[in-house]
Amino acid sequence: MTTTEIQSLLPAAEALLPETVALRRRIHRRPERGLSLPATQALVVAELERLGLTARQGHETTWVTAVIEGAGPGPTVLLRGDMDALPLSEDTGLDFSSEIDGAMHACGHDTHVAMLLGAARLLVERRAAFVGRVLLMFQPGEEGFHGARVMLDEGLLEAAGPDQPASAFALHISTEYAAATINVRPGPMMAAADFLKVEVRGRGGHASQPSAALDPITVAAEIVLALQTMVTRRVEVFDPAVVTIAHLSAGTTNNIIPESAFLEGTIRTFSESTRTLVHDGIRRLATGIAEAHGATAEVEVIPGYPVTTNDPAFSELVRATAVELLGADAVPGRIDPVMGAEDFSYVLQRVPGAMAFLGARPADEDPATAPANHSNRVVFDEDSMAVGVATYVAVALRGLARA
Ligand SMILES: [Zn+2]
């Protein structure tokens, strides 16, 4: 595949843009949440069948896969699009706003579905030009429901035959970055997200007589502050962590010392070693501080998504392909990792690959105040979807040629 052929993908994706936008808006109007997205699944299946592809469907959950066969045997490249929405009521004023109260495609997964279907079409049209296979992965339940893990458990990596994919690629749209840019970095791209709950138990009593009780609130307060000290004193600064206590509750009124205090929060890390260090530190501090005061603390650390780690060689392939396709100006050289988490991390634990961000901040938005992904006012630049479609296809073709 020559550079001219790669560059021809962008005008092809632009020609397809009205259809991509229309599809995106159809999905946007009818958002579905979690692992069960029957209407979105039906739409994806119908579109794949229109392209002459065979769609395989999950039964317990509403995933969809399809395989695009090239001109001959060769490796497999996996492309991922997630399909689920968020529990928000849309407040964008767009004329294609969500028609379902309490659900909104505020993370742009509607654009991912539309872009991956557009990419499928361009790949089907170019079948004769590549060898190997492209495995399309449409997943439910990215927003905290471990949908990618469910698909892995149900045979995702064997969906294109006994040889597992040689590489995997996902795009995520974002208003964090300028429109029509591709943003990628080697190594950790997104954080691991785990959750913690601590219940501190003391002894209740009259608020005027603290010595006769055992106040769990002062113990809980000390734990909250000690966790922040731990993050700055125990965690390597170049392998950072965030611990945020986002919920703290205790007591009922002004003159009662309660029996217990409850706190919970999130833990974000970029390596397994820091992740373990922080988990152990939380348990040690909470139980130790409680014990020092004669109270007890029950600590629960609930594992969430692991670190999303880009394979260095494949992320370089994505970067170089994006430069070839779009020019260097559209591919910012250095981006920071993101403290959000992604369940594509489960795929990247098994298959070398990368996730990249597709910038889609509308040109008239100030970067400092543009509503972010997960805001009920977020608006994505739809023209950027042509860049996303072309990038999916270009990365698949370059990935197959390399493998
Ligand atoms: Zn998302």
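Refer to the preceding data block for the structure.
Asks: Tell me what's going on with the nonpolar core, and back it up with residues and numbers.
Replies: Ranked by internal contacts, the top residues of the largest apolar core, which has 72 residues, are Leu48, Leu79, Leu136 and Phe138. Counting residues per element, this core draws most heavily on helix 11 (residues 384–402), at twelve residues. When residues no more than four places from it in sequence are discounted, the contact partners of leucine 79 are Leu116, Leu123, Val134, Leu135, Leu136, Met137, Phe169, Tyr392 and Ala396. Membership of the second largest hydrophobic core comes to 28 residues, among which are Leu196, Leu214, Leu227 and Ala241.

Asks: Any chance you could break down the coordination of the zinc ion for me, citing the residues and the numbers?
Replies: Around a metal, the ideal angle is 109.5 degrees if four donors adopt a tetrahedral arrangement and 90 or 180 degrees if six donors adopt an octahedral arrangement. Only Cys107 (SG), His109 (NE2) and His172 (NE2) from the protein reach the zinc ion as donors, at distances of 2.1 to 2.3 Å. In primary-sequence terms, the residues that donate to the zinc ion follow C-x1-H-x62-H. Of this pair, histidine 109 sits in helix 5 (residues 109–125) while histidine 172 sits in strand 5 (residues 167–178), and the two are 63 residues apart along the sequence. Judged by its relative accessible area of 4%, histidine 172 falls in the buried class.

Asks: Can you break down the layout of surface pockets residue by residue, with the values?
Replies: Approximately 670 Å³ is the volume attributed to the largest pocket. If you go around the largest pocket, you meet 29 residues; those closest to its centre are Cys107, Met190, Gly340, Ala341 and His374. Contributing elements (two or more residues each) for the lining of the largest pocket: strand 5, strand 8 (192–201) and strand 15 (353–361). Of all the elements, strand 5 adds the most residues to the lining of the largest pocket, at six residues. Classifying every residue of the lining of the largest pocket by side-chain character gives 14 nonpolar, nine polar and six charged.

Asks: Go over the environment of phenylalanine 357 with me, naming the residues and quoting the values.
Replies: Considering the arrangement of structural elements, one finds phenylalanine 357 in strand 15. Under the relative-accessibility criterion, phenylalanine 357 is labelled buried at 5%. Considering only alpha carbons, one finds phenylalanine 357 and histidine 172, 185 residues apart in sequence, at a separation of 4.7 Å. Look past the residues within four positions of phenylalanine 357 in its chain and what remains in contact with it is His172, Ser174, Tyr177, Thr181, Ile182, Asn183, Met189, Met190 and Val338.

Asks: Requested: an account of the packing of aromatic side chains, with residues and values cited.
Replies: Inspection of the entire model under this criterion finds three aromatic pairs. Plain terms: the ring middles of tyrosine 305 and tyrosine 346 are 5.8 Å apart, the flat faces sit at 80° to each other, and that makes the pair edge-to-face. Of the two residues, tyrosine 305 is situated in the loop between strand 13 (296–302) and strand 14 (308–310) and tyrosine 346 in helix 10 (residues 344–350); the sequence distance between them amounts to 41 residues. Grouping residues by exposure puts tyrosine 305 and tyrosine 346 together as buried.

Asks: With reference to specific residues and values, describe the side chain of aspartate 194.
Replies: Tracing the chain through its elements places aspartate 194 in strand 8. Within the structure, the side chain of aspartate 194 is placed 2.7 Å from the side chain of arginine 275, a separation counted as a polar contact. Those residues in contact with aspartate 194 that lie beyond four places of it in its chain are Gly265, Thr266, Ile267, Arg275, His279, Ile302, Pro303 and Gly304.

Asks: So, the packing of helix 7 (residues 216–234) against helix 8 (residues 272–292): which residues are in play, and what are the values?
Replies: Two elements in contact, helix 7 and helix 8, have axes separated by 10 Å at closest approach and are oriented at 145°. The handedness of the crossing between helix 7 and helix 8 is right-handed. Residue-level inspection shows Val219, Glu222, Ile223, Ala226, Leu227, Met230 and Arg234 of helix 7 in contact with helix 8, the latter providing Leu277, Val278, Gly281, Ile282, Leu285, Ala286, Ile289 and Ala290. When its residues are assigned to classes, the contact of helix 7 with helix 8 shows twelve nonpolar, one polar and two charged.

Asks: Describe the packing of helix 3 (residues 17–29) against helix 11, and please don't skip the residues or the numbers.
Replies: Running from amino to carboxyl end, helix 3 crosses helix 11 at an angle of 105°, the nearest separation of the two axes being 10 Å. The orientation of helix 3 relative to helix 11 falls into the category roughly perpendicular. Seen from helix 3, the contacting residues are Leu17, Thr20, Val21 and Arg24; seen from helix 11, they are Met385, Ala386 and Val389. Partitioned by chemical class, the residues of the contact of helix 3 with helix 11 number five nonpolar, one polar and one charged.

Asks: Got a sec to walk through the pairing of strand 2 (residues 64–69)? Specific residues and values, please.
Replies: One ladder, built from two bridges, connects strand 1 (residues 56–57) with strand 2; its direction is antiparallel. When the bridges of strand 2 are listed, arginine 56 appears paired with threonine 65. Adjacent in sequence and paired antiparallel, strand 1 and strand 2 are bridged by six residues. Sheet topology places strand 2 next to strand 4 (residues 133–139); six bridges connect them, and they run antiparallel. When the sheet's bridge partners are listed, valine 64 is paired in strand 4 with phenylalanine 138.

How each quantity is defined
- Residues numbered from 1 in each chain as written.
- Predicted model: local features only at pLDDT ≥ 70, side-chain atom pairs only at ≥ 80, totals over all residues.
- Heavy atoms only, no water.
- Core = buried A, V, L, I, M, F, W, Y, C linked by side-chain atoms within 4.5 Å.
- Buried < 20%, exposed > 50% of the residue type's maximum accessible area, 1.4 Å probe, protein only.
- Helix = DSSP H or I, 4+ residues; strand = E, 2+ residues; numbered from the N terminus.
- Contact = heavy atoms within 4.5 Å.
- Donors = N, O, S within 2.8 Å, 3.2 Å for Na, K, Ca; no water.
- 1 Å grid on protein atoms, 1.4 Å probe; cavity = no way out; pocket = protein on both sides within 12 Å on 5 of 7 lines; lining within 4 Å.
- Points joined across faces, edges and corners; volume = space filled by probe spheres on them.
- Nonpolar A, V, L, I, M, F, W, Y, C, P; charged D, E, K, R; others polar.
- Phe/Tyr/Trp six-rings, centres within 6.5 Å; stacked < 30°, edge-to-face > 60°.
- Polar contact = N/O pair within 3.5 Å; in protein donor to acceptor, adjacent residues only side chain to side chain.
- Axes fitted to C-alpha atoms, helices over the stretch in contact; angles between N-to-C directions.
- Left-handed = near helix turned anticlockwise from the far one by under 90°.
- Parallel < 35°, antiparallel > 145°, perpendicular 65-115°, else oblique.
- Pairing = 2+ DSSP bridges.

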